[in-house]
Each structure stands twice: as C-alpha cells, then as structure tokens.
Amino acid sequence: MTFTRRQFLQSAAALAVLPHSARASSSDLIAQTAMQQIAPNGFPQTPVWSYGGGVPGAEIRLPQGARVQRRLVNELPQPTTVHWHGIRIDNAMDGVPGLTQDVIAPGEGFDYDFVVPDAGTYWYHAHNRSVEQVARGLYGPLIVEEATGPDVDQDLTLMLDDWRLDPDTGHIVEDFDNGHDQSHAGRLGNLISVNGQFDPVFPARRHERLRLRLINASNARIYDLALDGVAGWIVALDGMPLESPLEVEDGFPLAPAQRADLIVDVTAESDTVAGLISRERDGGFGLVRFPVSGNSATTARSGVVPLPANPLAQVVLDGAPVHRMTLQGGAMRWLESAQLGDTQLSGRELAQLGRFWALNGYAERPLDPFLDAQRGSAHRIEFVNETAFPHAMHLHGHHFRLILPDGSLGPWRDTVLVERGQTREIVLVADNPGDWLLHCHMLGHAASGMMSWFRVT
Ligand code: C2O
Ligand code: CU
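In what follows, the accompanying structure is described. Because the structure is predicted, anything quoted here is derived from the model rather than measured. (Residues numbered from 1 in each chain as written. Chains lettered and ligands numbered in written order. Predicted model: local features only at pLDDT ≥ 70, side-chain atom pairs only at ≥ 80, totals over all residues. Heavy atoms only, no water.)

1. Points about the environment of Pro 433
What counts, and what does not: Strands are runs of DSSP state E lasting at least two residues, helices are runs of H or I lasting at least four, and both sets are numbered from the N terminus onward. Between two residues, a contact is recorded if the distance between any of their heavy atoms is within 4.5 Å.
Counting through the fold element by element, Pro 433 comes out in the loop between strand E30 (423-430) and strand E31 (434-440). When the C-alpha atoms of Pro 433 and Thr 457 are compared, they prove to be 5.3 Å apart, with 24 residues separating the residues in sequence. With residues up to four places along the chain from it excluded, the contact list for Pro 433 reads Asn 91, Arg 375 and Val 456.

2. Brief notes about the pattern of salt bridges
Selection rule: What counts as a salt bridge is simple: a side-chain nitrogen of Lys or Arg found within 4 Å of a carboxyl oxygen of Asp or Glu. Exposure is judged per residue with a 1.4 Å probe applied to protein chains only, and the accessible area is read against the type maximum: over 50% gives exposed, under 20% gives buried, and values in between give partly exposed.
The tally for this structure, following the rule as stated, stands at 34 salt bridges. Of the charged contacts, one joins Asp 118 and Arg 88 as a salt bridge, the two residues approaching to 2.6 Å between their closest N and O atoms. With a gap of 30 residues between them, Asp 118 in the loop between strand E6 (109-115) and strand E7 (120-126) and Arg 88 in the loop between strand E5 (82-85) and E6 connect regions that are remote in the sequence. For the residue pair Asp 118 and Arg 88, the accessibility class agrees, reading buried in each case. A salt bridge links Arg 209 to Asp 265, with the nearest nitrogen and oxygen atoms 2.7 Å apart. On the criterion of sequence distance, the pair formed by Arg 209 in strand E12 (residues 209-216) and Asp 265 in strand E17 (residues 259-266) is long-range, its members being 56 residues apart.

3. Remarks on the coordination of the copper ion (ligand 2)
The test is simple: Metal donors were taken as nitrogen, oxygen and sulfur atoms no farther than 2.8 Å from the ion, or 3.2 Å where the ion is Na, K or Ca. Water is excluded, so coordination may look unfinished.
Within the first shell, the copper ion (ligand 2) binds the protein through His 391 (ND1), Cys 440 (SG) and His 445 (ND1), at distances of 2.0 to 2.1 Å. Along the chain, the residues donating to the copper ion (ligand 2) are arranged with the sequence spacing H-x48-C-x4-H. Residue His 391 is located in strand E26 (residues 391-395), and its partner His 445 is located in helix H5 (residues 443-447); the two are separated by 54 residues in the primary sequence. Of the two residues examined, His 391 and His 445, each falls in the buried class.

4. Here we look at the side chain of Asp 261
Basically, it comes down to this: Pairs of N or O atoms are called polar contacts if they sit within 3.5 Å, as long as, within protein, a hydrogen donor faces a hydrogen acceptor (for residues adjacent in sequence, only side-chain-to-side-chain pairs).
Turning to its location among the elements, Asp 261 is positioned in strand E17. Polar contacts involving the side chain of Asp 261 include one to the side chain of Thr 121, which spans 2.8 Å. Engagement of the side chain of Asp 261 in a polar contact is seen with the side chain of Arg 211, the distance being 2.8 Å. Residue contacts for Asp 261: discarding those within four places in its chain leaves Thr 121, Arg 211, Leu 212, Arg 213, Trp 233, Ile 234, Val 235 and Ala 236.

5. Looking at the sheet that holds E5
Where strands meet in a sheet, backbone hydrogen bonds hold them as pairs that are either parallel or antiparallel. Spelled out, the test is: The pairing criterion for strands is at least two bridges between them, as found by DSSP. Fitted lines through C-alpha atoms give the axes, limited to the stretch in contact for helices. The angle between two N-to-C directions lies from 0 to 180 degrees.
Ordered in space as E3-E8-E7-E5, the four strands form an open sheet in which the pairing is mixed. Each having just a single partner strand, strand E3 (60-63) and E5 make up the two edges of the open sheet. Here the average twist between neighbouring strands, direction ignored, is 20°. Bridge count between E5 and E7: four bridges; the pairing is antiparallel. Counterpart to Trp 84 in the pairing with E7 is Tyr 124.

6. Some remarks on the nonpolar core
Keep this limit in mind: Here, nonpolar core means buried Ala, Val, Leu, Ile, Met, Phe, Trp, Tyr and Cys residues that are tied together by side-chain atoms lying within 4.5 Å of each other.
Core analysis: the largest hydrophobic core is formed by 68 residues, its most contacted members being Trp 84, Phe 383 and Met 393. With residues near it in sequence (within four places) discarded, Phe 383 still touches Met 325, Leu 327, Met 393, Leu 395, Val 416, Val 418, Gln 422, Thr 423, Arg 424, Ile 426 and Leu 438. The next biggest cluster of nonpolar side chains, apart from the first, holds 31 residues, and it includes Leu 158, Phe 202, Leu 227 and Leu 276.

These values are about where atoms sit, not about what they do.
As structure tokens, this is what we get:
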C-alpha cells in the first residue's frame, strides 16, 4: 500500500491532535540494546546498551535555566536509573538507587524533570550497576548553552570511552566484577572510542575556531590529552568557566567523569590533518582527526574571553571546618579491616565479598552521612589518598572549589583527581538540600568500597 499525499496529510493531522504522551515522543529516553560499529571497520559490530539506540545517547542540548523532561523507559534486562552528572539538580531527580529513588525495573519508566541552573558541558549516565551499565554504553552528553555563547565556527562534543572488546567477536568482555581490575586501576579497555566511533573525522578549515567539549565517560581511564595542529585554551572544567582561560601548552589530564571545554584555532596548513592526541608512555595515538582543507572565511582570531560565570555561591574559607576523608585499600596497600554496616570485617573477609577499598574505614556507603551540613554552610574536605592508585572523587548535586597548595582558591569542579599518596583539599558550599553521594568515579572502585554520602538540610 502506498500513501497518497492526502492520506499522509490526514494522518499527520490526526497525529498532531493526539496528546503529547500518546506518541512515541522525543521526550522519551529509551534504555535499550543495540548493535554498533565501535571497533574499526572490518571488525564485527558490538552489542551495546544505549539510550535511544546509539552510543552515546542523543545529545540533550538546551538553554541555561531551561527544563529537562525525559521519561526513562527501561527496555533492558536489568534495573537502571539515570544520573545527570554535574547538574546542581533537585535531589529527587539525582538518580541514585536506594538514596534518591527506587530502581526502574525492566519494563517500567520514570519521569525525570529538572531545571539546569548552569551553562556548560555535562553528561548523563546509568547509576545502577554502573560498573557494568556505563561500560556497556549507557551514557550521553548534556549541553547547557550560555545565553551568549563564545564566537566559534564549530561546537563539537567529543565523548571519550574505553572499551574492553573481544577482537574476534566484537563483544564486550563481560568481566565487570573482575577482582583484579577492581583492586587495581579499575577496568581499562583495549579500544578507545570518541562518540562511539573509532578514530572519527571532523573536517575543519585553517584558522577556524572550534569549541571542543571533551567528556570522559570511561570506567577508569585517565587520559593525558594533547593538541596537534590546533592551539588554544581550556575555558571551562567540569562545566564551570575558568576565570582566566588556561593556554594549552603541553598535555592536560582528563580523569573519569571530568570534562574540559576548549576553544582552539586550527593552525595546521590546508591539506594536512590536525587532531586530538592521547599521550601514553610509549608515544600515544590520535583520538580524533581534523582534516584541514582550505581557509576559513575569517582570518585567525587572537586571544579568548572567559565564558560568562555561572550563578555559584560565594566561597568564604574563613571558619569553614575541615573534614578529612581517608582513601585506603587496593593492591599493594590491602585493607587491614573496615566496616560494612555495623560489622567490622578483616581485609581478607572483605576481599572475599569483593570489597577492596574504604573511605574513612567504611567499605560501602555507611549508614550515617560522612558530613551532615547545614544548608548554606561551607566545608573543607581533605582527601588523603593512602592507596597506591589515583582516584577521581566526585560529589553529587554540588560543585566545589579546589584549594591550591598556596591556600588560594582554584577552579570549580565536580570531580577531583587525587593522585596516589596525594592529599587534595576542596571547599564546598553545601547549598543544595538533600542526600548526596560522594564516591570515586573509577566505577569498579565505587562498586568495591569507595562510596560515601553527605546530607544537606
Ligand atoms: Cu557520574 Cu555518582 O556519578
Ligand atoms: Cu578510585
């Protein structure tokens, strides 16, 4: 049967009068299985878990102050939830099972509805069994636009992920709870994708100005990124603008869950290839290619202006109490003992239960909050990393400022990398009421002990 033009118009009109929810609407976010070419062409496709049929899930892009309304429909064989990483969100929408909502069972749905107060680069990802669900592909970008954005020719979101694939079948290796990974650096893969593709290509012209929104969706990989044939500045970290943009001279780190917004100019000659590089001990490799052809209509720009600031609290360090959070355990520094609930267990007993790490002596989210803060109060948190591995410590519902070694205030972040043996201090203005997670974003570490929480009332 073929539609006549009239029939088509009739059915289109009929569709238009249906109430919004009766249609498969663009406001559904369907968690579903899919097949995708993650490995290079010639290798088999990979069965993934996705939001809407592709990895990453569709970019959610909206103006600052607007509302995100999405019904998560769970078509996966496992319960799930969605966390909106970096959004200073209404607590009920934060997507943490057992703390802010119940899991969404297979076949069920949940309506997420929240306002985005800050412009910048954020992301969303599964927060139930995230060590497995994020590794299978359940993540996507969430971009909040400034009222007046910077003057750029292209605005590119580049979402980095690190897959562990079987090269013969293309399938994800399903050893998500592998105790060796969990007690070491976490799940590291054998193939890096950008926007779900191997080595993608974004054509550019000489002198063009690009905004690059880098998001690290990997379970555990810390990138050391560098630019080739483009030059510019980091203008925001974890969504939040830097007061003074930082010129990229060498490499810069991007830990799991972290974002960096760059504004760069294409300096490479026409008919060459510029790119983004992951530096490794043995040299490194390209992640993204920018083949350069011709000259942009505009001539090279010079300098950059900071992005407009977001409406964050004033931070006053004076009088803010210091709370120490000690990070312990893992290979080479095995736990002697730690608590699960009310029970003190030995390191050996904990390891048998798949617990290798502890935060302040707890090898899982404790019953009582690490910090019980009065709304609006400022708190210093000192992360003391006694382990032999780096950890990416993330707070939900808030951004915080780093306290630099000289005592001055550093950039706003929502995830801070604490190197092995290092102590890093942050200051938090606890101004968003609710119960909020605080955990390592190496997802295998979070699953095996590095999980805590704080309360704001
Ligand atoms: Cu990006 Cu607790 O999460
Ligand atoms: Cu960790």
